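In case you want the letters, here they are:
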Amino acid sequence: MSEADRVMGIDIGGTGVKAALVDTASGELATERVRQPTPQPATPAAVMETIKELRRQLQWRGAVGCGFPGLVKSGRVQRAPNLDPSWIGYDLAGRLETELNAPSVAIGNDADAAGLAEFEFGAGKGVAGTVLVVTLGTGIGSAVFRDGVLLPDTELGHLEMRGKAAEKRAAASIRTSKRLSWKKWGKRLNDYLVHVEYLLGVDLFILGGGVSKRPERFFPHLKDVGCRVEAARLGNGAGIIGAAMFPSRRSTRP
Ligand code: BGC
């Protein structure tokens with residue numbers, strides 16, 4: 001493993017902030033994964049302190065890639081549906097550069113990060129056609145690929161279904177907060193995937209997030225989906241691995 005390929009990947013989530021050093025050439029974690037609960041309220045200053053703590057734990061001074069659970073344009077947060085409203089307009093890339101004094105910092109959407117990792121090292125490797133990586137967690141994240149090329153910043157978790165954003169019905173967090181059975185939640189997810197498949201002509205869905213570790217619980221309920229559905233191979237680690245890929249594969253400064 002070359003030292004030059006090492007990047008700290010950070011995955012900011014609604015319940016936890018996770019990080020590890022990643023060997024971006026192999027897609028493997030070069031250290032253990034460190035995690036802190038997302039501070040409540042999840043303000044930018046509080047989350048920045050959490051990130052600094054994670055970096056201290058990893059004893060890292062090199063390049064950093066960060067996946068954010070919302071829309072980020074040119075390094076600035078435009079939307080953050082599952083975090084504190086004070087994130088809107090926050091210069092995340094600029095603040096990370098200053099606070100961490102890192103040689104390079106790149107940020108992007110968390111689901112895009114997971115998608116990039118799955119495409120390079122996981123279930124999407126070499127797959128042509130229209131592939132949608134869907135992350136199921138606090139919200140629903142989407143990463144759309146056509147012949148392996150990412151269309152960044154899609155927000156298909158906010159597609160309206162039955163009068164509300166799909167993620168308010170079918171995110172993994174809704175299963176627990178509403179105490180839905182796997183069957184009941186699986187049917188909601190089925191309806192969502194059928195809708196998206198219809199709109200985009202999807203060839204393959206790759207389902208990520210913590211629940212991807214237990215596909216046997218809900219895959220049997222995805223009966224009406226007319227295309228292939230697979231569980232993410234990198235599981236919850238995809239967000240960290242893909243975030244670490246941002247500095248080399250994607251510029252946040254157009
Ligand atoms: C956000 C997305 C994010 C997803 C998963 C949604 O609420 O709008 O940008 O990817 O949650 O965190």
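Structural data are supplied above this passage.
Quick caveat: nothing in here was measured; it's all calculated off a predicted structure. (Residues numbered from 1 in each chain as written. Predicted model: local features only at pLDDT ≥ 70, side-chain atom pairs only at ≥ 80, totals over all residues. Heavy atoms only, no water.)

Novice: Got a sec to walk through the overall build of the protein chain? Specific residues and values, please.
Specialist: Helix and strand counts for the protein chain stand at eight helices and 15 strands. Against the globule reference of 18 Å for 254 residues, the protein chain gives a C-alpha radius of gyration of 17 Å, in line with a compact fold. By principal-axis analysis of the C-alpha atoms, the protein chain measures approximately 50 × 40 × 35 Å. In the protein chain, which comprises 254 residues, the share counted as buried stands at 57%. A fraction of 64% describes how many contacts in the protein chain between residues 6 or more apart in sequence connect residues 24 or more apart. Split by element, the accessible area of the protein chain, about 11100 Å² in all, is 48% carbon and sulfur. Taking the 34 positively charged and 27 negatively charged side chains of the protein chain as two groups, their mean positions are separated by 7 Å. (Helix = DSSP H or I, 4+ residues; strand = E, 2+ residues; numbered from the N terminus. Rg over C-alpha atoms; globule rule 2.2 N^0.38 Å. Buried < 20%, exposed > 50% of the residue type's maximum accessible area, 1.4 Å probe, protein only. Contact = heavy atoms within 4.5 Å. Areas by Shrake-Rupley, 256 points an atom, 1.4 Å probe, with all protein chains shown as cover. Lys, Arg positive; Asp, Glu negative; His and termini not counted. Charge placed at Lys NZ, Arg CZ, Asp CG, Glu CD.)

Novice: Account for the pattern of salt bridges, naming residues and giving values.
Specialist: Applying the stated criterion across every chain yields a total of nine salt bridges. Note that glutamate 99 and lysine 52 form a salt bridge whose closest N and O atoms lie 2.7 Å from each other. Highlighted residues: glutamate 99 in helix α2 (residues 92–100) and lysine 52 in helix α1 (residues 44–58), separated in sequence by 47 residues. Glutamate 99 gets classed as partly exposed once you look at its relative accessible area, which sits at 25%. (Salt bridge = Lys/Arg side-chain N within 4 Å of Asp/Glu carboxyl O.)

Novice: Tell me about the packing of helix α3 (residues 110–121) against helix α8 (residues 238–249), residues and numbers included.
Specialist: How two helices pack is summed up by the angle between their axes together with the distance between the axes. The interhelical angle for the contact between α3 and α8, taken along N-to-C directions, is 90°, at an axis separation of 7 Å. The angle between α3 and α8 falls in the class roughly perpendicular. Where α3 abuts α8, its residues Ala113, Ala114, Leu116, Ala117, Glu118, Glu120 and Phe121 lie against Ala238, Gly239, Ile241, Gly242, Ala243, Met245, Phe246 and Arg249. Class assignment for the residues of the contact of α3 with α8 results in ten nonpolar, two polar and three charged. (Axes fitted to C-alpha atoms, helices over the stretch in contact; angles between N-to-C directions. Parallel < 35°, antiparallel > 145°, perpendicular 65-115°, else oblique. Nonpolar A, V, L, I, M, F, W, Y, C, P; charged D, E, K, R; others polar.)

Novice: Describe the site of the ligand, and please don't skip the residues or the numbers.
Specialist: With respect to spatial proximity, 13 residues lie near the ligand, and among them Asn109, Asp110, Glu155, His158 and Glu167 are the closest. In the environment of the ligand, an oxygen atom lies 3.3 Å from a nitrogen or oxygen atom belonging to the backbone of glycine 70. Between an oxygen atom of the ligand and a side-chain N or O atom of asparagine 109, the distance comes to 2.9 Å. Spatially, the ligand is embedded in the largest pocket. (Near = heavy atom within 4 Å. Polar contact = N/O pair within 3.5 Å; in protein donor to acceptor, adjacent residues only side chain to side chain. 1 Å grid on protein atoms, 1.4 Å probe; cavity = no way out; pocket = protein on both sides within 12 Å on 5 of 7 lines; lining within 4 Å. Sits in = over half its atoms within 2 Å of the grid points.)

Novice: Help me get a handle on the side chain of serine 212, residues and values and all.
Specialist: Within the secondary structure layout, serine 212 lies in the loop between β14 (204–208) and α7 (215–218). Polar contacts involving the side chain of serine 212 include one to the main-chain carbonyl oxygen of glycine 209, which spans 2.6 Å. Excluding its chain neighbours within four sequence positions, the residues that come into contact with serine 212 are Leu207, Ala231, Ala232 and Gly235.

Novice: Account for the sheet that holds strand β9 (residues 130–136), naming residues and giving values.
Specialist: Taking strand neighbours across the sheet as the criterion, the five strands line up as β11-β10-β9-β14-β15 in an open arrangement whose pairing is mixed. Edge positions in the sheet fall to β11 (149–151) and β15 (228–231), since each of these pairs with one other strand and no more. Within this sheet the neighbouring strands show an average axis-to-axis angle of 25°, counted without direction. Bridge count for β9 against strand β10 (residues 140–146) is seven bridges, and the pairing is antiparallel. Each residue of the ladder has a partner; that of valine 134, found in β10, is serine 142. Along the sheet, α3 makes contact with β9, β10, β11 and β14, crossing β10 at roughly 45°. (Pairing = 2+ DSSP bridges.)

Novice: If you had to explain α8 to someone new, which residues and values would you point to?
Specialist: Compared with an ideal rise of 1.5 Å per residue, which puts twelve residues at 16 Å, α8 spans 15 Å between its outermost C-alpha atoms and is within 8% of the ideal. Counting buried positions over the twelve residues of α8 gives nine, a clear majority of the element. Along α8, the positions that sit buried rather than exposed are Ala238, Gly239, Ile240, Ile241, Gly242, Ala243, Ala244, Met245 and Phe246. Along its buried surface, α8 packs onto β1 (6–12), β2 (16–23), β3 (28–29), β5 (64–68), β8 (105–109) and α3. (Expected span 1.5 Å × (residues − 1).)

Novice: Describe the environment of threonine 38, with residues and values.
Specialist: Inspection of the secondary structure puts threonine 38 in the loop between β4 (34–37) and α1. On the basis of relative accessible area, threonine 38 is assigned to the buried category, the value being 6%. The spacing of threonine 38 and leucine 193 is 155 residues in sequence and 29 Å in space, taken between C-alpha atoms. Setting aside anything within four residues of it in sequence, one finds threonine 38 in contact with Gly13, Gly14, Thr15, Gly16, Val17 and Leu83. Only 2.9 Å separates the side chain of threonine 38 from the backbone nitrogen of glycine 16, close enough to count as a polar contact.

Novice: Tell me about a positive patch on the surface, and name the residues and values.
Specialist: Taken together, the side chains of Arg33, Arg35, Lys213, Arg214 and Arg217 present a region of like positive charge at the surface. Residue placement: lysine 213 occurs in the loop between β14 and α7. For lysine 213, a relative accessible area of 62% corresponds to the exposed category. (Patch = residues over 30% accessible without salt bridge, like charges linked within 9 Å, V, L, I, M, F, W, Y side chains within 5 Å.)

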